[in-house]
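Observations on the model geometry
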Amino acid sequence: MRRRSALRKYGVVLLLLSPWIIGFIVFTGGPMVISFFWSFTHYDMASAPRWIGLENYKFMFGIGKINGQHRADPYYWQSVKNTLFIIVFGVPLRVVFAMLTAMLLTRPKRGVNTYRTLFFMPYMAPRVAAALVFVYLLNPTTGPVNLLLNHIPGVTAPLWFYDPTWAKPALLIMGLWGIGDAIVIYLAGLLSVPRELYEAIAIEGANAWQRFRHVTLPLITPVIFFTIVMGVIDGFQYFDQAFVAGNVASGQTSVLGSPQNSLLFYSIYLYQWAFRNFDMGYAAAMAWVLFAATMVATAVLLLTSRRWVHYGGGGNQ
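Conventions and cut-offs
Residues numbered from 1 in each chain as written. Predicted model: local features only at pLDDT ≥ 70, side-chain atom pairs only at ≥ 80, totals over all residues. Heavy atoms only, no water. Helix = DSSP H or I, 4+ residues; strand = E, 2+ residues; numbered from the N terminus. Rg over C-alpha atoms; globule rule 2.2 N^0.38 Å. Buried < 20%, exposed > 50% of the residue type's maximum accessible area, 1.4 Å probe, protein only. Contact = heavy atoms within 4.5 Å. Areas by Shrake-Rupley, 256 points an atom, 1.4 Å probe, with all protein chains shown as cover. Lys, Arg positive; Asp, Glu negative; His and termini not counted. Charge placed at Lys NZ, Arg CZ, Asp CG, Glu CD. Core = buried A, V, L, I, M, F, W, Y, C linked by side-chain atoms within 4.5 Å. Phe/Tyr/Trp six-rings, centres within 6.5 Å; stacked < 30°, edge-to-face > 60°. Lys NZ or Arg CZ within 6 Å of the ring centre and 35° of its normal. Patch = residues over 30% accessible without salt bridge, like charges linked within 9 Å, V, L, I, M, F, W, Y side chains within 5 Å. Salt bridge = Lys/Arg side-chain N within 4 Å of Asp/Glu carboxyl O. 1 Å grid on protein atoms, 1.4 Å probe; cavity = no way out; pocket = protein on both sides within 12 Å on 5 of 7 lines; lining within 4 Å. Points joined across faces, edges and corners; volume = space filled by probe spheres on them. Nonpolar A, V, L, I, M, F, W, Y, C, P; charged D, E, K, R; others polar. Axes fitted to C-alpha atoms, helices over the stretch in contact; angles between N-to-C directions. Parallel < 35°, antiparallel > 145°, perpendicular 65-115°, else oblique. Left-handed = near helix turned anticlockwise from the far one by under 90°.

This paragraph deals with the overall build of the chain. Per the secondary structure count, the chain includes 14 helices and four strands. Compactness check: the chain gives a C-alpha radius of gyration of 25 Å against a globular reference of 20 Å for 317 residues, more than 25% above the reference. Residues counted as buried form 38% of the 317 residues belonging to the chain. Pairs at least 24 residues apart make up 62% of the contacts formed inside the chain by residues separated by at least 6 positions. Surface exposure of the chain reaches about 19200 Å², of which carbon and sulfur atoms provide 67%. Counting 23 positive and 11 negative side-chain charges, the chain places the centres of these two groups 10 Å from one another.

Below is the structure:
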């Protein structure tokens, strides 16, 4: 009887979980298994996948040979460098600006909810729409930003998305405009810091920097860690803004990563192989390398967090 009762309980649990289980198998688990198989094949979507072993990965990393000649993807490492740029510079900028903005939003006594809403609203704008707006604002000839810069003596307005040197910095500026989600997270973290700690350290004669260094910063390290992890994951998948800005600036939807491949990020290059070159096998291999890199980066962050992230239970975890 007990065994039947236990089986009945497990059956009810499986029945309740079945929508999620079926959805995971059909839309996530199944496609992952299929794409892993495709990564070892040549599949052009017009014929059946043909097994080629590790050739896709060898071509990706430049270690493959055909007739004694090296066979390497000429743009793969460019896409990797561009992606690392947006992570290395974009994530710290996002963290710092979101934290500073949240600290400012804890100060007003009147209209504080209005200010918080205004800072959060840009995050609600679709990324494609935001990219189109910034392409207009940073237009070298008619954009209001350059029209203002040209009136400043000694300042030469950059070409922004039309210049490979300034294209990625323009994306960083665009990214700072839509940090409303991070601001809300930091605001919640700052407001959760006990006031008693500030009062205690103020009695000891601590100045504003010391209060931030010894009270605020340690207690919001979990929030900082969360935003860094999410920023790194988003950085590996950076796509929408660069795709729109590159296409609009170049005026050619058939050319990705313009100008001069400065906006050729990893996800954009993967998209090109999958839906422009119709080489699903190589695109699947790129996707699995991206997955592995994301997992490794996340694991490294988790391991290093034990040294600097302080949780509420006292000590690090």
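Having seen it, we continue.
A word on the nonpolar core. With 73 residues, the main nonpolar core has M60, Y76, F161, L171, Y186, Y266 and M286 as its most contacted residues. Residues in contact with M60, not counting those within four places in the same chain, are D73, Y76, W77, Y266, Y282, A285, M286 and V289.

By the definition in use, this model includes 27 aromatic pairs. Joined through ring pairs, the aromatic side chains of F36, F37, F40, W51, Y57, W288 and F291 make up one cluster. Over the ring of F85 we find K168, and its NZ or CZ is 5.4 Å from the ring centre.

Below, the discussion takes up a nonpolar patch on the surface. The grouping of W20, I22, F24, I25, V26 and F27 at the surface amounts to a nonpolar patch, some 710 Å² of accessible area in total. Take I25: it is sitting in helix α1 (residues 2-38).

What follows is about the layout of surface pockets. Space inside the largest pocket adds up to approximately 610 Å³. At the level of secondary structure, the elements contributing two or more residues to the lining of the largest pocket comprise α3 (76-105), α4 (112-124), α5 (127-137), α7 (167-177) and α11 (221-236). Of all the elements, α7 adds the most residues to the lining of the largest pocket, at six residues. When grouped by side-chain class, the residues that make up the lining of the largest pocket number 14 nonpolar, seven polar and four charged. Lining the second largest pocket are 13 residues, with M103, T106, R107, Y198 and T216 positioned closest to its centre. Considering each element in turn, the lining of the second largest pocket owes the most residues, five residues, to helix α10 (residues 208-219). Residues of the lining of the second largest pocket, tallied by class, amount to seven nonpolar, two polar and four charged.

Right, let's talk about helix α13 (residues 266-275) for a bit. Burial analysis of α13 places eight of its ten residues in the buried class, which makes it a mostly covered element. Listing the buried residues of α13 in full gives Y266, S267, I268, Y269, L270, Q272, W273 and A274.

It is worth spelling out the side chain of T298 at this point. With respect to the secondary-structure elements, T298 resides in helix α14 (residues 280-308). A relative accessible area of 16% places T298 in the buried class. Apart from the residues within four sequence positions on either side, T298 is in contact with V229 and I233.

Attention now moves to the packing of α13 against α14. When two helices pack together, their arrangement is given by the angle between the helix axes and by the axis-to-axis distance. Look at α13 against α14: their axes get within 7 Å of each other, and the N-to-C directions meet at 155°. Classed by the angle they form, the pair α13 and α14 counts as roughly antiparallel. Classified by chirality, the crossing of α14 by α13 is left-handed. Every residue of α14 that contacts α13 at Y266, S267, Y269, L270, W273, A274 and F275 is listed here: M280, Y282, A283, M286, A287, V289 and L290. Looking at the contact of α13 with α14, its residues break down into 13 nonpolar, one polar and no charged.

To continue, consider the pattern of salt bridges. According to the stated counting rule, one finds two salt bridges in the structure shown. Across the pair D181 and R94 runs a salt bridge whose closest N-O atoms are separated by 2.7 Å. With D181 in helix α8 (residues 180-191) and R94 in helix α3, the pair connects residues that are 87 residues apart, well separated along the chain. Here R94 falls in the partly exposed class, since its relative accessible area comes to 22%.

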